[in-house]
Amino acid sequence: MFFPNKNIPPCPDTDKYVLVVTKEGSFWRRKRGTVRPSVLNEKLKHNADAMKVCSPAAKRIAAKLRLFTNRLETGRLHSKIYGRLIKQFRKAGMTGLSCLEGLELQPRFPLEGLLKGEYTITVKDGLLKLQIPIREHTVKRNSQLVSGYVFELVLIYGDCMEENSLRVETTTSEVFGIDENVGECEIQMVLPEKEWMVLLKVSCVEGKEMAKSARGYGMKVILVSGG
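Given the structure is predicted, the values throughout are model-derived calculations rather than measurements.

Student: Give me the lowdown on the pattern of salt bridges, citing residues and values where you can.
Tutor: Counted by the stated rule, this structure contains five salt bridges. A salt bridge links R108 to E73, with the nearest nitrogen and oxygen atoms 3.0 Å apart. Placement of the pair is R108 in the loop between α2 (77-92) and α3 (111-114) and E73 in the loop between α1 (42-65) and α2, with a sequence separation of 35 residues. The residue E112 makes a salt bridge to K220 at a minimum N-O spacing of 3.1 Å. One end of the pair, E112, is in helix α3; the other, K220, is in strand β11 (residues 217-224), and 108 residues separate them in sequence. Given the relative accessible area of 37%, E112 is considered partly exposed.

See below:
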């Protein structure tokens, strides 16, 4: 009920009411939360829940990946992982490693920019097999210092939403000469029953040392469980 601004009745209860003044008149209104508890907007609450789950999950995944990113220019790796996790969480109410399929750890220097040869992946009875024909131009020679290259499969598995759940396993190939033109690289890896993702890393070699420039590396999530 409106009252003329000059004839406003006394406040019924200063702890529960607030005066609202308008051009048409004034009235006493119950304060928010005094009629029923204030409730967060459902969307805001959902976003808060997503952030609470996805931020630490992204941190756990990034920590495992950092074991293999020396000399790589990964940029804001945590943010890229978090973005994918939270997108999946908002859509499905849960998240995991599967949403990281195709993730390039070096967007500026993608895997396909370095690995020119085609590779094939087969999975049978829980065994992953990676095959790469070794040819003269299998790996791009970005520098005259590059003398060879090596392949590495990185397996990360477990529940990223649980503390201390993620595990890592790796398998590395022999070193191939940059001009080598015969043979095939084959790497096998046993896959776990838990959720997992597999990354392929290519690292160039300069003499007896690993390449100093980020251009000498490529790393990407090439397969995920259920993918």
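There is more to say after this.
Student: Which residues make up the layout of surface pockets, and what values go with them?
Tutor: One number sums up the size of the largest pocket: a volume of about 170 Å³. Of all the secondary-structure elements, those providing two or more residues to the lining of the largest pocket are β5 (148-157) and β9 (196-206). Classifying every residue of the lining of the largest pocket by side-chain character gives five nonpolar, three polar and three charged.

Student: Residues and numbers for the nonpolar core, please.
Tutor: The tendency in soluble globular proteins is for nonpolar side chains to be buried as a group. In this structure, I61, I81, F151 and M197 are the most contacted members of the largest nonpolar core, which totals 58 residues. Looking at this core, the elements that each hand over two or more residues are α1, α2, α3, β4 (127-133), β5, β8 (184-190), β9 and β11.

Student: Could you give an account of the pairing of strand β3 (residues 120-124), with specific residues and numbers?
Tutor: Two faces make up the sheet, and in a regular strand the side chains alternate between them. Bridging between β3 and β4 involves five bridges; their strand directions are antiparallel. Within β4, the residue paired with I121 across the bridge is L130. Adjacent in sequence and paired antiparallel, β3 and β4 are bridged by two residues, among which D125 carries a positive phi angle near 55 degrees.

Student: Tell me what's going on with unusual backbone geometry, and back it up with residues and numbers.
Tutor: Not every positive phi belongs to a glycine, and D125 is a case in point at roughly 55 degrees. On the secondary structure map, D125 appears in the loop between β3 and β4. One non-glycine residue, N164, lies in positive phi territory at about 65 degrees. In this structure, N164 sits in the loop between β5 and β6 (167-172).

Student: Let's hear about the environment of E112: which residues, and what values?
Tutor: As a C-alpha pair, E112 and K140 span 28 residues in sequence and 9.6 Å in three-dimensional space. Discounting residues that sit within four places of it in the chain, E112 has contacts with E104, Y119 and K220.

Student: Can you break down α2 residue by residue, with the values?
Tutor: Its 16 residues place the ends of α2 23 Å apart at the C-alpha level, agreeing with the 22 Å of an ideal helix rising 1.5 Å per residue. Along α2, the positions that sit buried rather than exposed are L77, I81, Y82, L85, I86 and F89. Seen end-on, α2 carries its buried residues on one side only, within an arc spanning 135 degrees. More than 90 degrees from the buried face of α2, the exposed residues found are K87 and K91. Where α2 terminates, the next one or two residues include G93, which has phi positive at roughly 80 degrees.

Student: Describe the sheet that holds β3, with residues and values.
Tutor: Spatially, the three strands line up as an open sheet ordered β3-β4-β8, and their pairing is antiparallel. Each edge of the sheet is formed by a strand with only one pairing partner; in this case those strands are β3 and β8. Between one strand axis and the next, the sheet turns by 15 degrees as a mean value, whatever way the strands run.

Student: Before we move on, could you go through the side chain of E206 and cite the residues and values that matter?
Tutor: Considering the arrangement of structural elements, one finds E206 in strand β9. Nearest to the buried, unbridged E206 among oppositely charged side chains is K212, at 4.2 Å. For E206, the contacting residues outside a window of four places in its chain are L145, V146, S147, A211 and K212.

Student: Provide a residue-level description of the packing of aromatic side chains, including the pertinent values.
Tutor: With the rule as written, the count across this model stands at three aromatic pairs. When the ring of F151 is compared with that of F176, the centres are 6.2 Å apart and the planes differ by 50 degrees; the resulting orientation is tilted. One end of the pair, F151, is in strand β5; the other, F176, is in strand β7 (residues 176-177), and 25 residues separate them in sequence. Take F151 and F176: they sit in the same class, and that class is buried. Ring-pair connections join several aromatic residues into one group, and the members of that group are Y149, F151 and F176.

Rules used in this analysis
Residues numbered from 1 in each chain as written. Predicted model: local features only at pLDDT ≥ 70, side-chain atom pairs only at ≥ 80, totals over all residues. Heavy atoms only, no water. Salt bridge = Lys/Arg side-chain N within 4 Å of Asp/Glu carboxyl O. Helix = DSSP H or I, 4+ residues; strand = E, 2+ residues; numbered from the N terminus. Buried < 20%, exposed > 50% of the residue type's maximum accessible area, 1.4 Å probe, protein only. 1 Å grid on protein atoms, 1.4 Å probe; cavity = no way out; pocket = protein on both sides within 12 Å on 5 of 7 lines; lining within 4 Å. Points joined across faces, edges and corners; volume = space filled by probe spheres on them. Nonpolar A, V, L, I, M, F, W, Y, C, P; charged D, E, K, R; others polar. Core = buried A, V, L, I, M, F, W, Y, C linked by side-chain atoms within 4.5 Å. Pairing = 2+ DSSP bridges. Contact = heavy atoms within 4.5 Å. Expected span 1.5 Å × (residues − 1). Arc of directions from axis to C-beta. Axes fitted to C-alpha atoms, helices over the stretch in contact; angles between N-to-C directions. Lys, Arg positive; Asp, Glu negative; His and termini not counted. Phe/Tyr/Trp six-rings, centres within 6.5 Å; stacked < 30°, edge-to-face > 60°.

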